[in-house]
Amino acid sequence: MSTLIHIPTPLRAYAGQHATVEVEAATVGEALRRLVERHTELARHLYDGDGRLRRFVNVYRNDEDVRHLSREATPLANGDTLSIVPSIAGGAEPSAPAPPRGPRAAPDWATGADGKPALSQDELLRYSRHLILPEVGLDGQRRLKAASVLIVGAGGLGSPLALYLAAAGVGRIGIVDFDVVDESNLQRQILHGTSAVGTPKLQSAAARLRDLNPNVRVDGYETRLTSENALELMKPYDVIVDGTDNFPTRYLVNDACVLLGKPNVYGSIFRFEGQASVFDARVGPCYRCLYPDPPPPGLVPSCAEGGVLGVLPGVIGVIQGVETLKQILGVGESLVGRLMLFDALAMRFRELKLRKDPQCPVCGEHPTVTQLIDYEQFCGLTPAAEAEESAARWEIDAKTLAARVAQGDDLVLVDVREPHEFQIARIEGAKLIPLNSLPARLAELDSSREIVLHCHHGQRSMRALEYLYSSGFRKLKNLHGGIDEWSRQVDPAVPRY
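Heads up: these notes are all about the structure in this document. Here the structure is a predicted model, which is why all the values come from computation and not from measurement. (Residues numbered from 1 in each chain as written. Predicted model: local features only at pLDDT ≥ 70, side-chain atom pairs only at ≥ 80, totals over all residues. Heavy atoms only, no water.)

Counting buried positions along strand β7 (residues 172-176) yields five of five residues, so the element is predominantly enclosed. Burial along β7 is two-sided: Arg172, Gly174 and Val176 facing one way and Ile173 and Ile175 facing the other are all buried. As paired strands, strand β6 (residues 148-152) and β7 are joined by five bridges and run parallel to one another. Residue pairing in the sheet places Val149 in a bridge with Ile173 of β7. You can see the chain leave β6, run along helix α7 (residues 158-168) and come back into β7, and the turn it takes is right-handed. Two strands pair when backbone bridges link them, and β7 and strand β8 (residues 217-221) are joined in this way by five bridges, in the parallel orientation. Looking at the pairing, Ile175 lines up with Gly220 of β8. Following the chain from β7 across helix α8 (residues 201-212) to the adjacent parallel β8, one finds a crossover that is right-handed. (Buried < 20%, exposed > 50% of the residue type's maximum accessible area, 1.4 Å probe, protein only. Helix = DSSP H or I, 4+ residues; strand = E, 2+ residues; numbered from the N terminus. Pairing = 2+ DSSP bridges. Right-handed = clockwise from strand over helix to strand, strands pointing away.)

Listed below in structure tokens is the structure:
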């Protein structure tokens, strides 16, 4: 039977650097013997002096430990795989005396005489764990120092990504972000701390990254990425990393990367799930090949509405960091042509194959998008002027609502959040009808009375208003800013979350 044996990294040096070895065998024991016959140095790592499998090496047939099957007598079927899983060390290490500080001359072989950027003696020490990796080494570390990466967004994904790229020694890191640090960011955006609340994220990020690695250049762009500035901002960088949280910017990043011929390291998160890939139209599909059209506005809630497990962007952001470093170093197998899905609740990764779409309007055989377009219009978003006009018609601010309630106006307050949110904070007298149950509970509402809808920040309640209007209700208002604005402007006793 043909069996593929997966060789772990620690043992590949004794197997000709092969990641997999295919053998013909009927049992696990026979497969391992065929393996060590071919790569004799593996024998002492797999077997003790008495010829028994070592107790710090486990062998799995597919996803089952053979110790719980028939051990080495476990039969193999055609197409079965074996995985050798040895114990490995890692994590904390014993403390050692700190080396003397201050600038020191680098050895001659670490200078930039060959045209690559030089590494100082301090950098050689800082990156020592990279330098002893054959796949990185001195040449690879110089590549990292010469490289430049633009991160779009200094939020949940951008935080771990920027930290690890700076720690790895990427020479130039650009960050595009125009937001300020808010208390609600700190649960997941680990670039920022409590002392940075109220300050621009770029300022907080730059200070943290320079403290982490003063050898790295950090360039901040405190602006919204638009069709007018995207090509100019992205052109100087080798790799673009998508850490955005909205569809217009995501399509903008994709199209600009296609037009510029640059790799786009993609990540997205929601609640307990995440996605990651690398889109590079020069050698594979782009984001539009995967998602030709954006979802209708409001159909897919944001993390502010749906929530996100704080550690999830750390997992996906680190995967983006790994893929970025691999792009720079030119090692390993990238996620180009593959979509990785992560389910934190199940703690499972799945992988799907992606193909280039020959009809793709950006990277296909006959592209129709040859320059950047209006991405808010493409995603079906209402232009700002129209949105303001609509808000003036349908929205009511917190102070006005409080005054009307105080004077006894006949209003029905409807909260369209979820029950677990209602437990955190509520407006006195509000009736809870979650958005997804609204169609089934229309009979509970009186269309002759004025209904004021609210949610956390106002987005879901506006969707509820649109649904009620389409169902014949006309006396409708949406609380601008939701219960969060009510807490800010009217009743601080209502908890903010």
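We are not done yet, so read on.
As a further point, take the layout of surface pockets. Of the voids in this model, the second largest pocket is the one considered here, and its volume is about 460 Å³. Of all the secondary-structure elements, those providing two or more residues to the lining of the second largest pocket are α7 and α13 (312-329). Examining the composition of the lining of the second largest pocket, we find that six residues originate from one element, α13, more than from any other. Of the residues belonging to the lining of the second largest pocket, the class tally is ten nonpolar, three polar and three charged. (1 Å grid on protein atoms, 1.4 Å probe; cavity = no way out; pocket = protein on both sides within 12 Å on 5 of 7 lines; lining within 4 Å. Points joined across faces, edges and corners; volume = space filled by probe spheres on them. Nonpolar A, V, L, I, M, F, W, Y, C, P; charged D, E, K, R; others polar.)

Here we take up the packing of aromatic side chains. Given two aromatic rings, one states the distance between the centres and the angle between the planes to describe the pair. Counted according to the given criterion, the structure contains nine aromatic pairs. Ring centres of Tyr251 and Tyr287 lie 5.1 Å apart, and the angle between their planes is 70 degrees; on these two criteria the pair is classed as edge-to-face. Here Tyr251, found in helix α10 (residues 247-260), pairs with Tyr287, found in helix α11 (residues 287-290); they are 36 residues apart in sequence, far enough to count as distant. For Tyr251, a relative accessible area of 1% gives the class buried. Its relative accessible area of 3% is what places Tyr287 among the buried residues. An aromatic cluster is present here, built from Tyr251, Tyr266, Phe279, Tyr287, Tyr291 and Phe378 joined pairwise through their rings. When the ring centre of Phe378 is taken as origin, the NZ or CZ atom of Arg288, which lies over that ring, is 4.5 Å away. (Phe/Tyr/Trp six-rings, centres within 6.5 Å; stacked < 30°, edge-to-face > 60°. Lys NZ or Arg CZ within 6 Å of the ring centre and 35° of its normal.)

So, on to the nonpolar core. In terms of nonpolar packing, the biggest core is built from 38 residues, with Val149, Leu165, Val170, Ile173 and Leu209 touching the most fellow members. Every element with two or more residues in this core is listed here: β6, α7, β7, α8, β9 (239-242), β11 (273-279) and α13. In this view, Val170 contacts Leu144, Ala147, Val149, Leu165, Val216, Leu325 and Ile328; residues no more than four positions away in its chain are not counted. (Core = buried A, V, L, I, M, F, W, Y, C linked by side-chain atoms within 4.5 Å. Contact = heavy atoms within 4.5 Å.)

It is worth spelling out the sheet that holds strand β15 (residues 411-415) at this point. What the five strands build is an open sheet, ordered β14-β18-β17-β15-β16; its pairing is parallel. For this open sheet the edge positions go to β14 (395-396) and β16 (431-432), each flanked by a neighbour on one side alone. Note: β15 against strand β17 (residues 450-454), five bridges, orientation parallel. Bridged to Val414 within β17 is Leu453. Helix α18 (residues 459-470) contacts β14, β17 and β18 (476-479) of the sheet and is inclined by roughly 170 degrees relative to β18. (Axes fitted to C-alpha atoms, helices over the stretch in contact; angles between N-to-C directions.)

Locating Val21 in the fold gives a position in strand β2 (residues 20-24). Residue classification places Val21 among the buried positions, given a relative accessible area of 4%. Placed 424 residues apart in sequence, Val21 and Leu445 show a C-alpha to C-alpha distance of 67 Å. In this structure Val21 touches Thr3, Leu4, Ile5, Ile7, Leu35, Arg38 and His39, once residues within four positions along its chain are discounted.

The next subject is helix α19 (residues 482-489). Among the residues of α19, those classed as buried are Gly482, Ile483, Asp484, Trp486 and Ser487. Residues of α19 that are buried in the fold lie against α16 (398-406), β17 and β18.

Turning next to the side chain of Ser277. With respect to the helices and strands, Ser277 occurs in strand β11. Judged by relative accessible area, which is 1%, Ser277 ranks as buried. In contact with Ser277, other than residues within four places in its own chain, are Asn264, Val265, Tyr266, Leu335, Arg338, Leu339 and Leu354.

Right, let's get into the sheet that holds strand β1 (residues 2-6). Ordered in space as β2-β1-β5-β3-β4, the five strands form an open sheet in which the pairing is mixed. In this open sheet, the two strands that pair with only one neighbour each are β2 and β4 (64-65). Pairing between β1 and strand β5 (residues 81-86): three bridges, direction parallel. Looking at the pairing, Ile5 lines up with Leu82 of β5. Across the sheet, helix α2 (residues 28-38) is in contact with β1, β2, β3 (57-61) and β5; its angle to β2 comes to roughly 120 degrees.

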